[in-house]
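Chain by chain, the residues:
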Amino acid sequence: MEARKSLPSWQALEQHADTMKNTHMKDLFAQDPERFEKLSIKLPKILFDYSKNIVEPQTMDMLFSLANDCHIDQWRAKMFAGEHINTTEDRAVLHVALRDQLDQPKLLDGVDINQQISATQQQMDAFCQRVRSGQWKGYSGKTITDIVSIGVGGSNLGPQMVTEALNPYSDGHFNMHYVSNVDGTQIANVLKQLNPETVLFIVSSKTFTTTETMTNAHTAMQWLTDAAQDTSIIAKHFVAVSANKTNAIKFGIEEQNIFNMWDWVGGRFSLWSAIGLPIALDIGFDKFKELLDGANEIDQHFLDAPLTENVPVIMALLSVWNTTFLGAQSQAILPYDQSLHMLSAYLQQAEMESNGKSVNWQGEKVDYPTVPSIWGELGINGQHAFYQYLHQSNNIVPADFIGSVESVTPVEGHHETLMANFFAQTQALMQGVTEQEVRADLKMRGRDDSYIDKVAPHKVHVGNRPTNTILMKRISPRSIGNLIAMYEHKIFVQGIILQICSFDQWGVELGKTLANKIQQELASGEVNPKHDSSTQGLLSHYHAMIEQ
Ligand code: F6P
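About the cut-offs
- Residues numbered from 1 in each chain as written.
- Predicted model: local features only at pLDDT ≥ 70, side-chain atom pairs only at ≥ 80, totals over all residues.
- Heavy atoms only, no water.
- Pairing = 2+ DSSP bridges.
- Helix = DSSP H or I, 4+ residues; strand = E, 2+ residues; numbered from the N terminus.
- Right-handed = clockwise from strand over helix to strand, strands pointing away.
- Salt bridge = Lys/Arg side-chain N within 4 Å of Asp/Glu carboxyl O.
- Buried < 20%, exposed > 50% of the residue type's maximum accessible area, 1.4 Å probe, protein only.
- Near = heavy atom within 4 Å.
- Polar contact = N/O pair within 3.5 Å; in protein donor to acceptor, adjacent residues only side chain to side chain.
- Areas by Shrake-Rupley, 256 points an atom, 1.4 Å probe, with all protein chains shown as cover.
- Nonpolar A, V, L, I, M, F, W, Y, C, P; charged D, E, K, R; others polar.
- Axes fitted to C-alpha atoms, helices over the stretch in contact; angles between N-to-C directions.
- Parallel < 35°, antiparallel > 145°, perpendicular 65-115°, else oblique.
- Left-handed = near helix turned anticlockwise from the far one by under 90°.
- Contact = heavy atoms within 4.5 Å.

1. Notes on the pairing of strand 6 (residues 175-179)
Pairing geometry for strand 5 (residues 146-150) and strand 6, over five bridges, is parallel. Opposite D146, over in strand 6, you have N175 as the bridge partner. In this fold, the crossover linking strand 5 to strand 6 by way of helix 7 (residues 157-165) has right-handed handedness.

Pasting the structure below:
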């Protein structure tokens with residue numbers, strides 16, 4: 001396998017980065033009035049502006065050469081064809097099949113997965129209709145008022161993020177609750193709001209072995225059967241989504257209440273499968289389908305658009321440019337739409353669990369930075385919290401700004417204030433303000449020289465901080481589908497360029513294994529003397545504090 005660093009396109013970018021590190025975007029804008037036109041892409045419902053990056057058209061050409069050298073087109077074809085590109089787990093990666101709505105068979109390892117997908121979608125549709133129409137009753141004959149989704153990681157973040165994002169599209173049939181934390185506080189708080197006669201629990205776990213989810217599901221089942229004084233009523237209040245039917249049945253879920261998923265759907269890419277059942281219950285199956293259609297529109301764009309106009313490809317190339325070549329260590333996700341308040345948490349798992357790795361496909365240590373840490377918050381709240389750091393710290397944090405032209409829930413006078421901030425922030429991050437400008441401004445305001453000398457250095461903004469702007473027409477099932485799929489494919493392309501196995505997550509296993517052992521010690525009150533002294537000390541102290 002050709003090492004990335006030996007590619008001429010990689011080496012050219014390394015050299016080019018040295019020049020670009022000393023280039024200010026403000027000058028690039030001044031030199032080229034067409035910069036926005038050249039470095040932005042208009043999709044039917046989304047504008048992607050990447051002109052506020054430290055790139056010139058030549059940089060983009062070099063990045064596209066890298067993409068070509070990394071055979072993005074071939075890898076993309078392999079993914080869509082169902083080749084086992086998840087090599088360490090020997091699995092296909094086919095979340096795209098969940099939204100391609102094709103009538104013809106799609107064979108994966110000899111099995112028609114389109115038939116499986118449509119059977120599960122029909123099951124979801126019928127179930128949603130029964131529950132939403134009130135035909136599905138709880139054990140005492142009442143209709144369902146509350147849905148509790150129990151799951152963690154990919155079995156929680158996607159459904160919860162989208163439920164929140166599409167809240168204006170919910171017809172309010174149900175109070176929606178999500179439980180992910182094994183800290184009993186969360187489930188206790190949810191359970192005390194519920195009437196056992198009118199609640200439906202969805203246990204979402206691809207593996208049906210995840211400790212947090214199993215513990216919460218057991219607590220919920222106990223609570224329900226204690227209230228009803230009857231275990232035969234479970235079928236009216238518990239359904240499961242899982243690729244492990246055997247475990248779900250063992251747990252006590254009726255077979256007809258199990259919605260299937262498959263090992264070719266990765267947890268963090270699974271909201272398009274039956275893992276999205278809470279979304280479908282909340283907004284109705286037809287609108288859930290629109291979400292799938294939105295994702296499929298981007299799948300088609302990703303497949304068909306040339307690399308130079310391909311939004312996910314460009315997003316990935318810019319991430320590699322900013323991180324691997326220019327040295328940024330983190331990236332902020334800054335939505336300006338209240339409904340996207342969970343987007344950064346969602347993308348954190350999607351990108352960091354996928355590409356937060358340091359060996360290549362061959363298992364060799366890579367000698368370049370891979371992905372940045374992903375963090376963020378609603379932009380407008382961030383402005384009053386951490387934007388100080390974005391504007392003036394020594395660390396450069398590239399950021400994605402995401403906003404909408406129209407509010408789904410307009411309130412007189414709010415949207416323009418919101419969006420004025422949205423546009424102003426990327427402008428400020430790009431252009432900054434020089435000491436000379438600061439001094440002139442203070443002088444104009446009548447400040448004396450000693451005040452100006454003292455304050456001016458603190459008011460300088462160096463600028464030149466890269467941002468992407470993603471401007472949507474409005475939040476809708478379709479546009480949310482668009483948005484998420486753009487990031488999914490970005491992550492895929494990033495992984496190919498960096499030669500990272502994007503679809504496994506071995507890094508979460510060690511902690512789980514150790515936690516299982518330590519849990520036994522917590523139960524027995526013993527401390528294994530083989531632990532390091534810190535862990536021994538902490539556990540002994542924990543036991544001692546229980547006794548106090
Ligand atoms: O955190 C590890 C992980 O395996 C994620 O990849 C996954 O989304 C989550 O746990 C939940 O897994 P499951 O759906 O099997 O309960």
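Still more ground to cover, so stick around.
2. Overview of the pattern of salt bridges
Inspection of the entire model under this criterion finds 21 salt bridges. For R99, the salt bridge is made with D299, and the minimal N-O distance between the two is 2.8 Å. Of the two residues, R99 sits in the loop between helix 5 (72-81) and strand 3 (107-108) while D299 sits in helix 12 (residues 285-304), which places them 200 residues apart along the sequence. The pair R99 / D299 is uniform in exposure class, with both members buried.

3. Things to note about the site of the ligand
The local shell around the ligand holds 14 residues, among which S155, S205, T207, T210 and E353 are the closest. With respect to the ligand, the side chain of S205 contributes an N or O atom lying 2.6 Å from an oxygen atom. In this structure, an oxygen atom belonging to the ligand sits 2.5 Å away from a side-chain N or O atom of T210. Protein contacts shield 86% of the accessible area of the ligand, which totals 390 Å² for the unbound molecule. Class assignment for the residues of the shell around the ligand results in two nonpolar, nine polar and three charged.

4. Things to note about the environment of D400
Following the sequence through the fold, D400 ends up in strand 12 (residues 399-404). D400 sits 137 residues away from G537 along the chain, and the two C-alpha atoms are 43 Å apart. Looking at D400, its side chain comes within polar contact range of the side chain of Q331, at 2.9 Å.

5. Section: the packing of helix 18 (residues 435-444) against helix 19 (residues 449-459)
Between helix 18 and helix 19, the shortest axis-to-axis distance is 9 Å and the interhelical angle comes to 140 degrees. Considering their axes alone, helix 18 and helix 19 lie oblique with respect to each other. Pair helix 18 / helix 19 crosses with right-handed handedness. On the side of helix 18, the interface is formed by E435, V438, R439, L442 and K443, while helix 19 contributes D449, Y451, I452, D453, V455, A456 and K459. For the contact of helix 18 with helix 19, a count of residues per class yields six nonpolar, no polar and six charged.

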